[in-house]
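# Summary of the model geometry
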Amino acid sequence: QVQLVESGGGLVQPGGSLRLSCAVSATRFSSYAMAWYRQPPGKQRELVAVITSGGSSSYPDSVKGRFTISRDNAKNTVYLQMNSLKPEDTAVYYCNARSSGFALWSWGQGTQVTVSS
């Protein structure tokens, strides 16, 4: 059973920054594409960033240019640097492996990000 432990969330003012971390217990972590997702209040979970096993990244237009996903395979950890945060970025943020367009493992507890003045 793979465990995902997200951390780094909090309350931040609009325009601020946060760096999220996700520790992954999987063996062969480096072989998986990893992704960050978020679930805003009352809405469905959505994809916000993907990083392949080779280190290529992609983002939806809503966060492109503001969010950066990265990974440290030696630490089995994936990160999400979030800059220029907006109130609409408020959500619970989750990480997971991504395969064929789907999340691969059971979800962790997530980390709450609240953007508000």
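An account of the accompanying structure is given in this report. In this text the structure is predicted, and so the values were computed from the model without any measurement. (Residues numbered from 1 in each chain as written. Predicted model: local features only at pLDDT ≥ 70, side-chain atom pairs only at ≥ 80, totals over all residues. Heavy atoms only, no water.)

Further remarks concern the state of the cysteines. The full count for this structure, using the stated rule, is 1 disulfide. Disulfide partner of cysteine 22: cysteine 95, at an S-S distance of 1.7 Å. You can see cysteine 22 sitting in strand 3 (residues 18–24) and its partner cysteine 95 sitting in strand 9 (residues 91–99), a full 73 residues away along the chain. (Disulfide = S-S within 2.5 Å. Helix = DSSP H or I, 4+ residues; strand = E, 2+ residues; numbered from the N terminus.)

All right, on to the packing of aromatic side chains then. One pass over the structure, following the stated rule, counts 3 aromatic pairs. A centroid spacing of 4.9 Å and a plane angle of 70 degrees characterise the contact between tyrosine 32 and tryptophan 105, whose relative ring orientation is edge-to-face. With tyrosine 32 in the loop between strand 3 and strand 4 (34–39) and tryptophan 105 in the loop between strand 10 (102–103) and strand 11 (111–115), this pair connects stretches of sequence that are 73 residues apart. Since its relative accessible area comes to 14%, tryptophan 105 is described here as buried. Plain terms: the ring middles of tyrosine 37 and tryptophan 107 are 5.0 Å apart, the flat faces sit at 90 degrees to each other, and that makes the pair edge-to-face. Taken as a pair, tyrosine 37 in strand 4 and tryptophan 107 in the loop between strand 10 and strand 11 lie far apart in primary sequence, 70 residues in all. Residue class for tyrosine 37 comes out buried when judged on its relative accessible area of 7%. Classification of tryptophan 107 as partly exposed rests on a relative accessible area of 32%. Every member of this aromatic cluster is reached through a ring pair, and the members are Tyr37, Tyr94 and Trp107. Of note, arginine 45 hangs over the ring of tyrosine 94, and the distance from its end group to the ring centre comes to 4.2 Å. Between the NZ or CZ atom of arginine 45 and the centre of the ring of tryptophan 107, over which it lies, the distance is 3.8 Å. (Phe/Tyr/Trp six-rings, centres within 6.5 Å; stacked < 30°, edge-to-face > 60°. Buried < 20%, exposed > 50% of the residue type's maximum accessible area, 1.4 Å probe, protein only. Lys NZ or Arg CZ within 6 Å of the ring centre and 35° of its normal.)

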